[in-house]
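Descriptive structure summary
So the chains spell out like this:
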Amino acid sequence: MRSEGEIRFPDDWHHSPHPDCKLEDAKALLVSWIRQVRGGVLTGAYEIERNLGGFVEFYLLGPRAADKTIRSIFEKHILGSLTFERRINLAIQVASKLLPKTEVRQLRGRLSEIKSLRNAMAHNPCWFEPHPDHEAKVVRLQAKIMKGKQEIVLDSEWIEAMNRDMIALIAETARLVHLTLDPARAEVDADAPQFLATPA
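In short, a report on the structure. What you are looking at is a predicted structure, and each value in this text was computed from that prediction instead of being measured.

What about the overall build of the protein chain?
The helix and strand tally for the protein chain stands at six helices and five strands. The 200 residues of the protein chain split such that 39% are buried. Across the protein chain, the fraction of contacts at a sequence separation of at least 24, relative to all contacts at a separation of at least 6, is 70%. Surface summary for the protein chain: the accessible area is close to 11700 Å², and the carbon and sulfur share equals 52%.

Below, the structure is given as structure tokens:
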């Protein structure tokens, strides 16, 4: 069982740290960085979840969404009880009424990927693997985490790709909310923008 921040050395490891590589200092920096990565993923997933909730709410309630009492009841007793997975499933059912099948299928896959990543960042420990140079001296640590059965390397390239995907999906789910808002309801419903998450 892995523990958070563990440095995992292979069983046949015979390398030693490079004089300029202080493993505990490097580990402390990476642990701090991983916290920021976790926070970014969870925040992005939360914005997507909120957008999905707004999409479902405005579609199902229709003009009644202008009644704040009705919306409050809906949010508390229906949306509030849904897990991220169930909210995705419900949103996909609604999306199938409005979008082409190909787009719905792609959206389901992207949402499923974000859900898996969110769960990994929320629950799975991150560990570090040492990497030696050509002289068999450890020069850096590489952060990893399990997402389902997949081992993810947390490096700058992965972070940049994840950020692009997250921003795009936030924008896409915000667009779904707009699909359910006709001009009349948009005027009377001053609270509608709370669901719209636009990337910075």
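After that view, the rundown keeps rolling.
Here's the deal with a nonpolar patch on the surface
A surface patch of nonpolar side chains, amounting to about 340 Å² of accessible area, comprises Tyr59, Leu60, Leu98 and Leu179. Judged by relative accessible area, Leu179 falls into the partly exposed class, the value being 43%.

A look at the pattern of salt bridges
Evaluated as defined, the whole model comprises nine salt bridges. Notably, a salt bridge pairs Arg50 with Glu47, separated by 3.8 Å at the nearest N-O pair. One end of the pair, Arg50, and the other, Glu47, are both in helix 1 (residues 23-61), three residues apart, so they sit about a helical turn from each other. On the basis of relative accessible area, Arg50 is assigned to the partly exposed category, the value being 25%. A relative accessible area of 24% places Glu47 in the partly exposed class. A salt bridge links Glu57 to Arg71, with the shortest nitrogen-to-oxygen separation between them at 3.0 Å.

Observations regarding the side chain of Gln142
Assignment of secondary structure puts Gln142 in strand 4 (residues 137-147). For Gln142, a relative accessible area of 15% puts it in the buried group. In contact with Gln142, other than residues within four places in its own chain, are Trp127, Phe128, Glu129, His131 and Val153.

Here we look at the layout of surface pockets
Here the largest pocket is characterised by a volume of approximately 250 Å³. Along the wall of the largest pocket there are 13 residues; nearest its centre are Glu113, Ile114, Leu117, Met162 and Asp165. Counting only elements with at least two residues in the lining of the largest pocket, the list comes to helix 4 (101-123), strand 5 (150-154) and helix 5 (156-179). Here the lining of the largest pocket is composed, by residue class, of eight nonpolar, one polar and four charged.

Re the environment of His131
Along the chain, His131 turns up in strand 3 (residues 126-132). Residues His131 and Leu141, spaced 10 residues apart in sequence, show a C-alpha to C-alpha distance of 6.1 Å.

Describing the packing of helix 1 against helix 4
Axis angle and axis distance: for two packed helices, these are the angle between their axes and the distance between the axes, and together they describe the pair. For the pair helix 1 and helix 4, the least separation of the axes is 9 Å and the interaxial angle reads 135°. Relative to helix 4, the element helix 1 lies oblique. In this structure, helix 1 crosses over helix 4, and the sense of that crossing is left-handed. Residues Val37, Arg38, Val41, Leu42, Ala45, Ile48 and Leu52 of helix 1 form the contact with helix 4, whose own contacting residues are Leu111, Ile114, Leu117, Arg118, Ala120, Met121 and Ala122. Residue composition of the contact of helix 1 with helix 4, grouped by class: 12 nonpolar, no polar and two charged.

Calculation rules
Residues numbered from 1 in each chain as written. Predicted model: local features only at pLDDT ≥ 70, side-chain atom pairs only at ≥ 80, totals over all residues. Heavy atoms only, no water. Helix = DSSP H or I, 4+ residues; strand = E, 2+ residues; numbered from the N terminus. Buried < 20%, exposed > 50% of the residue type's maximum accessible area, 1.4 Å probe, protein only. Contact = heavy atoms within 4.5 Å. Areas by Shrake-Rupley, 256 points an atom, 1.4 Å probe, with all protein chains shown as cover. Patch = residues over 30% accessible without salt bridge, like charges linked within 9 Å, V, L, I, M, F, W, Y side chains within 5 Å. Salt bridge = Lys/Arg side-chain N within 4 Å of Asp/Glu carboxyl O. 1 Å grid on protein atoms, 1.4 Å probe; cavity = no way out; pocket = protein on both sides within 12 Å on 5 of 7 lines; lining within 4 Å. Points joined across faces, edges and corners; volume = space filled by probe spheres on them. Nonpolar A, V, L, I, M, F, W, Y, C, P; charged D, E, K, R; others polar. Axes fitted to C-alpha atoms, helices over the stretch in contact; angles between N-to-C directions. Parallel < 35°, antiparallel > 145°, perpendicular 65-115°, else oblique. Left-handed = near helix turned anticlockwise from the far one by under 90°.

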